[in-house]
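# An overview of the molecular structure
Here is what each chain is made of, one letter per residue.
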Amino acid sequence: MTTEAATIVAIDRVFDETGAAAMLAVRDAFGPYGMYSNEGHATGYADELPQRIDAVRNHLRRRGDLSVREAAARTNYLRETYAYGDTIAAPGIEPFLRHDGFVEAAQRIHGRPIVEPAIVFANLYLPGQELAVHTDVPEFRGANRTTTSQWLLVAMHHSGLFERWHMPIATAIAFFGPGESGALITYPNGRDGRRVDIEPTHNTAVVLDTDSVFHGVDLVSGNEDAALAARPGMKVRPGADRWTLLDTEGDELAVVDPNSMRFSVSWKAYCFADGAERDTWRSHADDLRLEFILDTIDADLRARGVLDGPRPAPNDFAIMIIDTYTRFPDE
Ligand SMILES: [Fe+2]
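Reading guide: rules and limits
- Residues numbered from 1 in each chain as written.
- Predicted model: local features only at pLDDT ≥ 70, side-chain atom pairs only at ≥ 80, totals over all residues.
- Helix = DSSP H or I, 4+ residues; strand = E, 2+ residues; numbered from the N terminus.
- Rg over C-alpha atoms; globule rule 2.2 N^0.38 Å.
- Contact = placed C-beta atoms within 7 Å.
- Pairing = 2+ DSSP bridges.
- Expected span 1.5 Å × (residues − 1).
- Core = buried A, V, L, I, M, F, W, Y, C linked by C-beta atoms within 7 Å.
- Buried ≥ 20, exposed ≤ 12 C-beta atoms within 10 Å, placed from the backbone.
- Axes fitted to C-alpha atoms, helices over the stretch in contact; angles between N-to-C directions.
- Left-handed = near helix turned anticlockwise from the far one by under 90°.
- Nonpolar A, V, L, I, M, F, W, Y, C, P; charged D, E, K, R; others polar.
- pLDDT = per-residue confidence, 0-100.

## So, the overall build of the protein
The secondary structure content of the protein amounts to 10 helices and 15 strands. For 331 residues, the compact-globule formula gives about 20 Å, and the C-alpha radius of gyration of the protein, at 20 Å, lands near that figure. Expressed as a percentage of contacts within the protein between residues at least 6 apart in sequence, the contacts between residues at least 24 apart total 78%.

As structure tokens, this is what we get:
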């Protein structure tokens, strides 16, 4: 676990005024925006469990007062991909994808010189929405979200048992627009450290290791009607001064003032120590396998005295793994 070494690099000014305004133009020209949903991949182990059962369990622990429907409406924010590798989905995003400040910050955070931007995506929160504290889904050589359950990847990273295969990733989160609520909640010194809230100020950014640093989004304030009208599968269509929430039939559910939304753009990059490490990843020369992952965890749980006797069935073993390794801040 690398939390102690992780830092947060603040970038006070992402672009000049013209460049910052251009990011809002990119936002408005794109769309409609769909909800972020964990489609999930068949991973061959405890597949009935939600992919982020770790985060869901923690969220219900702290917000047990909410109905499942309201909890879903409040956390189903909107996400769309602007760039994936060199493929540009949102023209105009290129300066953001290749931002030198993000690359330099990523090098500092991980102490690794080779930084390869992988994805840029937009996050939009309606007033009334929030995101529970979590760490992002990490990647390992041979184990990523296309092959391995997300809760397992998260626990693997927190366990520290698979660092040899871990792929350090840096994330920049940049804020654009006038929205002032919905602070980025962070725990830069680990789950037992101090909570630090970062205001989502226009044209600023932070760069951090979101796979290691617990983080979330504080409640976005304002008229909550649109958030509470949100339905599974909804989309939001940009407009000049009113954006429209549409259900799966294309019928209007609600309208929202774009200036009341929290808009951030995330950039994620792989960070390699050298070309050899990058080649090992690309060539799959040293990949993890599920059986090895489970056996390694099994042996560690026995050494800790958590597991005795036969290994439990997958769903029960999953909960044991999460409760042992993925421990959330108390908040
Ligand atoms: Fe996150």
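## Observations concerning the sheet that holds strand β10 (residues 204–208)
Here seven strands make up an open sheet; going across it, the order is β1-β10-β7-β15-β5-β3-β4 and the pairing antiparallel. Of all the strands in the sheet, just β1 (9–11) and β4 (87–88) have a single pairing partner and so form its edges. Relative to β10, strand β7 (residues 169–175) is paired through five bridges, and the arrangement is antiparallel. Its bridge partner being in β10, Ala172 is matched across the sheet by Val207.

## Observations concerning helix α9 (residues 290–303)
At 3.6 residues per turn, the α-helix brings residues three or four places apart onto the same side. With 14 residues, α9 should reach 20 Å at 1.5 Å per residue; the first-to-last C-alpha distance of 20 Å fits that figure. Of the residues flanking the end of α9, it is Gly305, one or two places downstream, whose phi is positive at about 80°.

## Here's the deal with the sheet that holds strand β2 (residues 33–34)
In space, the four strands of this open sheet follow the order β2-β12-β13-β14, with antiparallel pairing throughout. Every interior strand has two partners, whereas the edge strands, β2 and β14 (252–256), have only one. Bridge analysis of β2 against strand β12 (residues 235–237) gives two bridges, and the strand direction is antiparallel. Paired with Gly34 across the bridge in β12 is Lys235.

## Side note on the nonpolar core
Counting 65 residues, the largest nonpolar core has Ala106, Leu124 and Val207 as its most contacted members. Apart from the residues within four sequence positions on either side, Leu124 is in contact with Tyr33, Tyr77, Leu78, Val236, Met261 and Phe263. Core analysis: the next-biggest nonpolar cluster, separate from the first, contains 19 residues, Leu49, Ile297, Ala318 and Ile321 among them.

## Here we look at the packing of helix α6 (residues 150–159) against helix α10 (residues 314–325)
The axes of two packed helices give the description: the angle between them and the distance between them. At their nearest, the axes of α6 and α10 sit 9 Å apart, and the two run at 40° to each other. Seen along the crossing, α6 lies across α10 with a hand that is left-handed. In this structure, α6 contributes Trp151, Leu152, Ala155, His158 and Ser159 to the contact, and α10 contributes Ala318, Ile321, Ile322 and Tyr325. For the contact of α6 with α10, the per-class residue count stands at seven nonpolar, two polar and no charged.

## Structural notes on unusual backbone geometry
The step from Gly31 to Pro32 runs through a cis peptide bond, and the omega angle for that step is 0°. Following the sequence through the fold, Pro32 ends up in the loop between α1 (17–29) and β2.

## Overview of the pairing of β7
Burial within β7 is extensive, with seven of its seven residues counted as buried. A two-sided burial pattern is seen for β7, the buried positions comprising Ile169, Thr171, Ile173 and Phe175 on one face and Ala170, Ala172 and Ala174 on the other. Looking at chain direction, β7 and strand β15 (residues 262–272) are connected through seven bridges and run antiparallel. When the bridges of β15 are listed, Ala172 appears paired with Trp267.

## A short note on α6
Counted residue by residue, α6 has nine buried out of 10 residues, so it is predominantly covered. All buried positions along α6 are accounted for by Gln150, Trp151, Leu152, Leu153, Val154, Ala155, Met156, His157 and His158. Contacts from the buried residues of α6 go to α2 (53–62), α9 and α10.

## Let's talk about the confidence of the model for the protein
On average, residues of the protein carry a pLDDT of 91, and 96% of them reach 70 or more. Contacts for the low-pLDDT stretch residues 1–6, under 50 throughout, to residues beyond four places or in other chains number 15 contacts.

## Quick look at the environment of Arg69
Mapped onto the fold, Arg69 is located in helix α3 (residues 68–75). Counting along the chain gives 163 residues from Arg69 to Pro232, while the straight-line C-alpha distance between them is 9.8 Å.

## Describing the environment of Thr135
Looking at the element boundaries, Thr135 is found in the loop between β6 (131–134) and α6. A tally of 22 C-beta atoms within 10 Å means that Thr135 is categorised as buried. If sequence neighbours within four positions are ignored, Thr135 has contacts with Val154, Thr210, Asp211, Ser212 and Phe214.

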